[in-house]
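# Observations on the model geometry
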Amino acid sequence: MKLVIIGASGTLGRALIDHLAGKHEVVKVGKTQGDYLVDITQADSVKNLFKKVGKVDGIISVTGNLHFAPLPQMTAEGFSLGLNDKLLGQVNLALVGQHYLNDGGSITLTSGIVSEQPIVGGTNASTVNAAIEGFVLSAAIELQNGQRINAVNPSVVTESLDIYEPFFPGYESVPANRVAMAFQRSIEGGLNGKIFKVW
């Protein structure tokens with residue numbers, strides 16, 4: 001299968017490439033490095049990406065920024081970061097990408113554990129991740145030609161604990177290669193409209 005991975009240079013992206021490249025054609029995409037570049041917050045950039053890449057069998061998003069701040073200090077501007085980046089950016093990939101997806105192909109987005117288990121300072125993250133899952137559940141019943149859409153919902157990734165551990169006290173981390181296996185289930189399996197939890 002021809003798979004396009006957006007966020008390929010990140011922790012999960014690299015784990016996915018290690019896990020999938022041996023059996024699939026992988027197109028690596030990022031904001032600043034990769035086979036192709038894209039700004040997922042800009043619909044025109046996403047359209048240009050798929051025009052260049054062409055038809056694919058799988059679209060995998062492991063990208064998107066969030067805003068972490070205590071609620072009393074949260075501003076609309078800060079909150080908009082996650083909405084415009086991780087949420088609407090991944091929605092852009094799905095809305096445009098569906099038209100470049102082969103029959104029976106799949107889209108896999110990334111949410112996160114805080115959609116159900118909030119953390120202090122993570123209101124933006126919880127909102128965005130829950131909205132991504134809502135989008136997946138709804139879009140799954142409208143995609144055509146056997147196309148599928150799912151999301152992978154990981155806990156904090158072990159390889160990123162040096163950055164995120166203070167935000168996730170008492171949370172059990174999961175290794176990136178275990179998260180990659182959930183993406184494989186979405187891509188190579190037959191499930192549609194599912195949230196693959198890796199906790």
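Just so we're clear, the structure is a prediction, and the values are computed from it rather than from any experiment.

Conventions and cut-offs
Residues numbered from 1 in each chain as written. Predicted model: local features only at pLDDT ≥ 70, side-chain atom pairs only at ≥ 80, totals over all residues. Heavy atoms only, no water. 1 Å grid on protein atoms, 1.4 Å probe; cavity = no way out; pocket = protein on both sides within 12 Å on 5 of 7 lines; lining within 4 Å. Points joined across faces, edges and corners; volume = space filled by probe spheres on them. Helix = DSSP H or I, 4+ residues; strand = E, 2+ residues; numbered from the N terminus. Nonpolar A, V, L, I, M, F, W, Y, C, P; charged D, E, K, R; others polar. Buried < 20%, exposed > 50% of the residue type's maximum accessible area, 1.4 Å probe, protein only. Contact = heavy atoms within 4.5 Å. Right-handed = clockwise from strand over helix to strand, strands pointing away. Pairing = 2+ DSSP bridges. Phe/Tyr/Trp six-rings, centres within 6.5 Å; stacked < 30°, edge-to-face > 60°. Polar contact = N/O pair within 3.5 Å; in protein donor to acceptor, adjacent residues only side chain to side chain. Core = buried A, V, L, I, M, F, W, Y, C linked by side-chain atoms within 4.5 Å. Axes fitted to C-alpha atoms, helices over the stretch in contact; angles between N-to-C directions. Parallel < 35°, antiparallel > 145°, perpendicular 65-115°, else oblique. Left-handed = near helix turned anticlockwise from the far one by under 90°.

### Section: the layout of surface pockets
There is about 1,000 Å³ of room inside the largest pocket. Going through the elements one at a time, helix H1 (11-20), helix H3 (76-97), helix H4 (123-139) and helix H5 (161-164) are the ones with two or more residues in the lining of the largest pocket. For the lining of the largest pocket, the element with the highest residue contribution is H5, accounting for 3 residues. Looking at the lining of the largest pocket residue by residue, the class counts come to 16 nonpolar, 16 polar and 6 charged.

### Points about H1
Among all positions of H1, only Leu 12, Gly 13, Ala 15, Leu 16, Ile 17 and Leu 20 are buried. Residues of H1 that are buried make contact with strand S1 (2-6), strand S2 (25-30), strand S4 (56-61) and helix H6 (176-188).

### Some details on the pairing of strand S5 (residues 101-110)
Counting buried positions along S5 gives 7 out of 10 residues, so the element sits mostly inside the fold. Handedness of the crossover joining S4 and S5 through H3 is recorded here as right-handed. Looking at chain direction, S5 and strand S6 (residues 148-154) are connected through 5 bridges and run parallel. Bridged to Ser 106 within S6 is Arg 148.

### Quick word on the packing of aromatic side chains
Under the criterion given, the structure shown has 5 aromatic pairs. Measuring from ring centre to ring centre gives 5.0 Å for Phe 68 and Phe 167, while their planes differ by 40°; the resulting arrangement is tilted. Here Phe 68, found in the loop between S4 and H3, pairs with Phe 167, found in the loop between H5 and H6; they are 99 residues apart in sequence, far enough to count as distant. A ring pair is formed by Tyr 164 and Phe 167, whose centres lie 6.5 Å apart and whose planes are at 50°; its orientation type is tilted. Joined through ring pairs, the aromatic side chains of Phe 68, Tyr 164 and Phe 167 make up one cluster.

### Looking at the environment of Trp 199
Among the secondary structure elements, Trp 199 is positioned in the segment after strand S7 (195-198). According to the relative accessible area criterion, Trp 199 is partly exposed, its value standing at 31%. A sequence separation of 54 residues divides Trp 199 from Asn 145, and the C-alpha atoms of the two residues are 32 Å apart. When sequence neighbours within four positions are dropped, the list of residues in contact with Trp 199 reads Ile 113, Glu 116, Gln 117, Asn 153, Pro 154, Ser 155, Val 174 and Arg 178. There is a polar contact of 3.0 Å between the side chain of Trp 199 and the side chain of Asn 153.

### Describing the nonpolar core
One finds Val 4, Ile 6, Phe 50, Ile 59 and Ile 149 to be the most contacted residues of the largest nonpolar core, which totals 28 residues. Looking at this core, the elements with two or more residues in it are S1, S2, helix H2 (43-53), S4, H3, S5, H4 and S6. The element best represented in this core is H3, accounting for 5 residues. Discounting residues that sit within four places of it in the chain, Ile 6 has contacts with Val 29, Val 38, Ile 40, Ile 59, Ile 60, Ser 61, Val 62, Thr 63 and Leu 93. Membership of the second largest hydrophobic core comes to 22 residues, among which are Leu 12, Ile 17, Phe 183 and Phe 196.

### As for the packing of H2 against H3
Taken N-terminus to C-terminus, the directions of H2 and H3 make an angle of 45°; their axes are 10 Å apart at the nearest point. In terms of orientation, H2 lies oblique with respect to H3. Viewed along their axes, H2 and H3 form a crossing whose handedness is right-handed. Each of Ala 43, Val 46, Lys 47 and Phe 50 in H2 lies in contact with H3, whose residues at this interface are Asn 92, Leu 93, Val 96 and Gly 97. The class makeup of the residues in the contact of H2 with H3 is 5 nonpolar, 2 polar and 1 charged.

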